[in-house]
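Given next are the chains, with one letter for each unit.
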Amino acid sequence: ISYFKRIFTCTELNTSKNEAYIYREAAEYMSTDVKSTFVFEDMLHAVKAASGGGFKTVAVEDAASKNDKAQIKKSADYYMSDFSDFEGFWSFASRE
């Protein structure tokens, strides 16, 4: 947690990850453009919400989402089986 200056929660913002509001609030806080901001998520509905909000999405595999894995891979801009794939992500992100 020491790597983050601010953490946003759905409870705090009275929202859910079924909509892009939480991601827009975070982008505004960071002063980043939505289209150049990557959202990392592990649930299908959250990947779809972020993508629908105009964000670039990075799906990270999670056992809880194993039944949605194919749809998540199809919906996300980039898919990581775990966080050890940051080299692959950086390669992808540098082309964006």
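Relevant structure appears above.
Q: Would you mind going over the environment of Gly 52 with me for this structure?
A: Structurally, Gly 52 can be placed in helix H3 (residues 44-52). Residue classification places Gly 52 among the exposed residues on the basis of a relative accessible area of 70%. It is 27 Å that separates the C-alpha atoms of Gly 52 and Ser 84, two residues lying 32 residues apart in sequence.

Q: What is the right way to look at helix H2 (residues 21-30) in this model?
A: Because the α-helix completes a turn every 3.6 residues, residues three or four places apart line up on one side. All buried positions along H2 are accounted for by Ile 22, Tyr 23, Ala 26 and Ala 27. All buried residues of H2 lie within an arc of 135° about the axis, which places them on one face of the element. The elements touched by buried residues of H2 are helix H1 (10-13), strand S1 (38-41) and H3. In the stretch just after H2, Ser 31 is the one whose phi turns positive, near 60°.

Q: Sorry if this is basic, but what is going on with the layout of surface pockets here?
A: Rolled over the atoms, a probe sized like a water molecule indicates the empty space that remains. Considering only enclosed or pocket space, the largest pocket measures out at about 730 Å³ in volume. As for the largest pocket, its lining consists of 21 residues, of which Phe 4, Arg 6, Phe 8, Ala 26 and Met 30 are closest to the centre. Counting residues per element, the ones that place at least two in the lining of the largest pocket are H2 and S1. Looking at the lining of the largest pocket, the element that brings in the most residues is H2, giving 6 residues. Residue composition of the lining of the largest pocket, grouped by class: 15 nonpolar, 2 polar and 4 charged. Empty space within the second largest pocket amounts to approximately 160 Å³. Around the second largest pocket, the lining residues are Phe 40, Glu 41, Asp 42, Val 60, Glu 61, Asp 62, Phe 83 and Phe 86. Considered class by class, the residues forming the lining of the second largest pocket number 4 nonpolar, no polar and 4 charged.

So, how was this worked out
Residues numbered from 1 in each chain as written. Predicted model: local features only at pLDDT ≥ 70, side-chain atom pairs only at ≥ 80, totals over all residues. Heavy atoms only, no water. Helix = DSSP H or I, 4+ residues; strand = E, 2+ residues; numbered from the N terminus. Buried < 20%, exposed > 50% of the residue type's maximum accessible area, 1.4 Å probe, protein only. Arc of directions from axis to C-beta. Contact = heavy atoms within 4.5 Å. 1 Å grid on protein atoms, 1.4 Å probe; cavity = no way out; pocket = protein on both sides within 12 Å on 5 of 7 lines; lining within 4 Å. Points joined across faces, edges and corners; volume = space filled by probe spheres on them. Nonpolar A, V, L, I, M, F, W, Y, C, P; charged D, E, K, R; others polar.

No statement about biological role is implied by the geometric values presented.
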